[in-house]
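Structural characterization, general
Listed here are the chains, written in short residue letters.
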Amino acid sequence: MAKVKPPKASVFIDMTPMVDMAFLLVTFFILTTQFRPDEPVQVNTPSSTWTSTPPEHGKVTITIAPDSRVFFDLDNQNFRRDLLQRMGDTYGISFSEDELNAFATGSSIGIPMSSLKGYLDLSPEDRRKVQQPGIPVDSTKNMSNELGIWLINARIAGNNPVILIKGDKLSNYPAVKNVFKTLQDNKVNKFGLITSEEAAPTTKQLQ
Amino acid sequence: MAELQEGGDVQSHRGKKRGHVRAKKMSTRIDMTPMVDLGFLLVTFFILTTTMTKPKAMQVVMPDKDVKDTSEMSKIRASEAMTILLGGNDKVYYYYGIENPQIQSTDYKKIRDTLIAHNNYVLGLEAANGWDKKGVIVLIKPTNDSKYENLVDMLDEMKITNIKSYAIVDVTTDELAMIPK
């Protein structure tokens, strides 16, 4: 006896809209994503209700780690090359082409000038393993306050960049104070503190 | 979309023999499952790696250190001033005025109401005396025990409470001595 078969439904579903959507999302994420550069230290920034975003390019970022180490970063590769050359001139160190390239493609730096050359000579893998001691910062205007010298040279090399401070929530105030003081000593009286976003209280809450 | 139509309604022609010989109709559908798999794999990857929250920047303006001409500096009245000391362990201390400070202890939650109340009080005082309407002038003095987060929180309070005049000032030894242990 022949079975009554229900009309055979196709096992294929039309996936075209699904594929369309998936690739639309892929395209969106590819275009909006920016890969975070290798940072020598992870900082957890405090939150604030400020909503202005720092510029994409042309900025100096001074990172203050929870253990008070200070890192310096200028964001443009061409500027970084020029910066290192200027730093070398200031401290009487000459950097080779390879060292300049290594520095230009790098990110935040937390190495004192005395050991910077040796650090740049390492292979990229070894460089990542180095525990960076941080840039020496003190309350003077001398050559020993290397952050000040970095700042002066970066302002020339970087075509007057925006100065940003990226501190960890738990950074101790004396470390922050030294950075503030160095900025003020170099006539940088206007700068930004990088924070993550936090919802602003409503006006009702403020009553 | 991907199917060829030879005029008329597709439904009406289905299964009918037409006049000419046709090659066996190949399915126009391709199995898109691997493509979808790959697509969603990529979507997942980008969702996980992307950082949607862009960092924000709080603007800070510090006073010029070497000002030679002090005549242009604005004078403040003691009754308009308020000093906030940022202590260790997320403690906040504050006092009004300059002389004979009566130091009071509070925390980061309650300070907002204190600031709003005192700002309104100072604005009333200025209106009554015909002074410039500057509002309260806040001196933020972080101690060495305070954390960076404390400073950022306090600067943020200034924005939230709409206090325009404030400065980050070094703490004095007298004030340090006043902080209850």
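Above: the structure in question.
Residues numbered from 1 in each chain as written. Chains lettered and ligands numbered in written order. Predicted model: local features only at pLDDT ≥ 70, side-chain atom pairs only at ≥ 80, totals over all residues.

Comments concerning the overall build of chain B
Stated precisely, the cut-off is as follows: Runs of E in the DSSP output that reach at least two residues are strands. Runs of H or I that reach at least four are helices, and both are numbered from the N terminus. Exposed residues have 12 or fewer other C-beta atoms within 10 Å of their own C-beta, buried residues have 20 or more, and residues in between are partly exposed; the C-beta atoms are placed from the backbone. By the convention adopted here, residues are in contact when the distance between their C-beta atoms, placed from the backbone, does not exceed 7 Å.
Scanning chain B from terminus to terminus reveals five helices and six strands. The linear arrangement of helices and strands in chain B, starting from the amino end, is α-α-β-β-β-β-α-β-α-β-α. Taking all 181 residues of chain B together, the buried fraction comes to 21%. In chain B, the share of contacts with a sequence separation of at least 24, taken over all contacts with a separation of at least 6, comes to 60%.

Things to note about the pairing of strand β5 (residues 190–197) of chain A
In plain terms, the rule: Two strands qualify as a pair provided DSSP detects at least 2 bridges between them.
Note that strand β1 (residues 47–48) of chain A and β5 of chain A share two bridges and pair parallel. Across the sheet, serine 48 of chain A pairs through a bridge with glutamate 197 of chain A, a residue of β5 of chain A. The sheet contact formed by strand β4 (residues 162–167) of chain A and β5 of chain A spans two bridges and is parallel. Within β5 of chain A, the residue paired with isoleucine 165 of chain A across the bridge is leucine 193 of chain A. Relative to strand β1 (residues 56–61) of chain B, β5 of chain A is paired through six bridges, and the arrangement is antiparallel. Its bridge partner lying in β1 of chain B, threonine 195 of chain A is registered against lysine 56 of chain B.

Digging into helix α3 (residues 111–129) of chain B
We apply this condition: Helix span, as expected, comes to 1.5 Å for every residue beyond the first.
Counted at 1.5 Å a residue, the expected span for α3 of chain B with its 19 residues is 27 Å, and the 27 Å between its end C-alpha atoms agrees. A positive backbone phi angle near 70 degrees is found at glycine 130 of chain B, which sits one or two residues after α3 of chain B.

With respect to the interface of chain B and chain A
Which entries qualify depends on this criterion: When residues are sorted by character, Ala, Val, Leu, Ile, Met, Phe, Trp, Tyr, Cys and Pro go into the nonpolar class, Asp, Glu, Lys and Arg into the charged class, and all the rest, Gly among them, into the polar class.
Counting from both sides, the interface comprises 39 residues of chain B and, opposite them, 48 residues of chain A. Counting residues per element, the ones that place at least two in the side of chain B that touches chain A are α2 (33–49), β1 and α4 (148–160) of chain B. Of the residues forming the side of chain B that touches chain A, the biggest block, nine residues, is contributed by α2 of chain B. Of the residues assigned to the side of chain B that touches chain A, the class counts are 21 nonpolar, eight polar and ten charged.

What to know about the sheet that holds strand β6 (residues 165–168) of chain B
Within a sheet, adjacent strands bond to each other through the backbone by hydrogen bonds, running parallel or antiparallel. Residues and elements named next belong to chain B. We apply this condition: Axis angles are defined between N-to-C directions and span 0 to 180 degrees, where every axis is a line fitted to C-alpha atoms and, for a helix, only to the segment in contact.
In spatial order, the strands read β4-β3-β2-β5-β6; together these five strands make up an open sheet with mixed pairing. Both outer strands of the open sheet, β4 (104–106) and β6, are each paired with one neighbouring strand and no more. Here the average twist between neighbouring strands, direction ignored, is 25 degrees. The pairing of strand β2 (residues 81–86) with strand β3 (residues 92–96) spans five bridges and is classified as antiparallel. Residue pairing across strands places leucine 86 opposite valine 92, the latter belonging to β3.

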